[in-house]
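Fold and geometry: a report
Here's the letter readout for the chains.
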Amino acid sequence: MLDDLRREVEVCGRCGLADSRTRVVFGSGNPKADLMLVGEAPGYHEDREGEPFVGAAGQLLSRLLEDIGLSRGDIYIGNVLKCPPPENRNPSRLEIETCKPYLLRQIEMISPKIVGSLGNFATRVLTGKGTGITALRGKPMQVGSFFVLPMFHPAAALHRGDLRSAVEEDFRTLKEILEADLALEPRHEQMNLF
Ligand code: URA
């Protein structure tokens, strides 16, 4: 099923990014993972390789996962956008809205317990909250049948060395939440994403 969706996204022409991409970056990892991480959009290296998080931020992401005893193959990694915005610019509102149904279907198929939303864009898309990541990070929110943990994007630590310990802290929180196996609360305020 996920492969059917991959094939569909690989030929997507719904927005202008289709003209400038080299390859669609659908996502990778364990399709039955309990944990999914969602970043913003592929960059230059991801566009060349067709894999998410293979550049500098991706190398840091692999180390942060190792630090909490996980490897990339244990989890599923994806992005809000499947194609890179030119010059590494921010995704536009239209691009996000156009690509979002793919992410939601991906999450539905993988059915993770926890989705770590990396940075402002993924957090806004998955929680509907416009509040910046600094205020939201570290507090899990139930969204339908899974929890979203807003986290700093690993790239934040590459741009600002003083954020490195906060980025590491978010990964430790992620591990604690995975181990705590949070119970879904049916009466909890829920966002209807699907
Ligand atoms: N690489 C990705 O795949 N996503 C990001 O958000 C950043 C780098």
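The structure contained in this document is the topic of the report that follows. (Residues numbered from 1 in each chain as written. Predicted model: local features only at pLDDT ≥ 70, side-chain atom pairs only at ≥ 80, totals over all residues. Heavy atoms only, no water.)

1. A short note on the sheet that holds strand S2 (residues 35–39)
Strand order in the open sheet formed by 6 strands is S1-S3-S2-S4-S6-S5, and the pairing between neighbours is mixed. Both outer strands of the open sheet, strand S1 (28–29) and strand S5 (141–143), are each paired with one neighbouring strand and no more. (Pairing = 2+ DSSP bridges. Helix = DSSP H or I, 4+ residues; strand = E, 2+ residues; numbered from the N terminus.)

2. Some thoughts on empty space enclosed by the protein
In the structure shown here, the tally under the stated rule is 2 cavities of 30 Å³ or more. Elements with a contribution of two residues or more to the lining of the largest cavity: helix H2 (17–20) and helix H5 (93–110). If you tally residues by element for the lining of the largest cavity, the top one is H5, at 4 residues. Of the residues belonging to the lining of the largest cavity, the class tally is 10 nonpolar, 1 polar and 4 charged. Quantified by volume, the second largest cavity comes out at close to 30 Å³. What lines the second largest cavity is Asn 120, Thr 123, Arg 124, Lys 129, Gly 130, Thr 131, Gly 132, Ile 133 and Leu 136. Mapped by element, the contributors of at least two residues to the lining of the second largest cavity are helix H6 (119–127) and helix H7 (133–136). Per element, the largest residue contribution to the lining of the second largest cavity is 3 residues, and it comes from H6. Within the lining of the second largest cavity, the residues separate by chemical class into 2 nonpolar, 5 polar and 2 charged. (1 Å grid on protein atoms, 1.4 Å probe; cavity = no way out; pocket = protein on both sides within 12 Å on 5 of 7 lines; lining within 4 Å. Points joined across faces, edges and corners; volume = space filled by probe spheres on them. Nonpolar A, V, L, I, M, F, W, Y, C, P; charged D, E, K, R; others polar.)

3. Looking at the pattern of salt bridges
Any two side chains of opposite charge can pair if their charged atoms end up close together. Taken as a whole and assessed by the stated rule, the structure comprises 10 salt bridges. Notably, a salt bridge pairs Glu 8 with Arg 105, separated by 2.9 Å at the nearest N-O pair. With a gap of 97 residues between them, Glu 8 in helix H1 (residues 2–10) and Arg 105 in helix H5 connect regions that are remote in the sequence. Assessed through its relative accessible area of 31%, Glu 8 is described here as partly exposed. On the basis of relative accessible area, Arg 105 is assigned to the partly exposed category, the value being 30%. (Salt bridge = Lys/Arg side-chain N within 4 Å of Asp/Glu carboxyl O. Buried < 20%, exposed > 50% of the residue type's maximum accessible area, 1.4 Å probe, protein only.)

4. Some thoughts on the site of the ligand
Neighbouring the ligand are Gly 39, Glu 40, Ala 41, Pro 42, Glu 46, Pro 52, Phe 53, Asn 79 and His 153. Interatomic distance of 2.8 Å between a backbone N/O atom of Glu 40 and an oxygen atom of the ligand. Protein chains shield 90% of the accessible area of the ligand, which is 240 Å² for the free molecule. The cavity that encloses the ligand is the largest pocket. Its residues assigned to classes, the shell around the ligand shows 4 nonpolar, 3 polar and 2 charged. (Near = heavy atom within 4 Å. Polar contact = N/O pair within 3.5 Å; in protein donor to acceptor, adjacent residues only side chain to side chain. Areas by Shrake-Rupley, 256 points an atom, 1.4 Å probe, with all protein chains shown as cover. Sits in = over half its atoms within 2 Å of the grid points.)

5. As for H6
Buried residues dominate H6, accounting for 7 of its 9 residues. The secondary structure elements touched by the buried residues of H6 are S2, H5, strand S4 (114–118), H7, S5 and strand S6 (146–151). (Contact = heavy atoms within 4.5 Å.)

6. Focus: the packing of aromatic side chains
The full count for this structure, using the stated rule, is 0 aromatic pairs. The ring of Phe 121 is capped by Arg 124, whose NZ or CZ atom sits 5.5 Å from the centre of that ring. (Phe/Tyr/Trp six-rings, centres within 6.5 Å; stacked < 30°, edge-to-face > 60°. Lys NZ or Arg CZ within 6 Å of the ring centre and 35° of its normal.)

7. Side note on the layout of surface pockets
The computed volume of the largest pocket comes to approximately 840 Å³. Surrounding the largest pocket, 35 residues form its lining, Glu 40, Asn 88, His 153, Ala 155 and His 159 being those nearest its centre. Put simply, the parts of the chain that give the lining of the largest pocket at least two residues each are helix H3 (44–49), helix H4 (56–67), H6, H7 and helix H8 (154–159). Here the lining of the largest pocket gets 5 residues from one element, more than from any other, and that element is H3. Among the residues making up the lining of the largest pocket, the classes are represented as 16 nonpolar, 13 polar and 6 charged. Along its surface, the second largest pocket is lined by Pro 91, Ser 92, Arg 93, Ile 96, Glu 97, Lys 100, Phe 121, Arg 124 and Val 125. Sorting the residues of the lining of the second largest pocket by element identifies H5 and H6 as the ones contributing at least two each. Class assignment for the residues of the lining of the second largest pocket results in 4 nonpolar, 1 polar and 4 charged.

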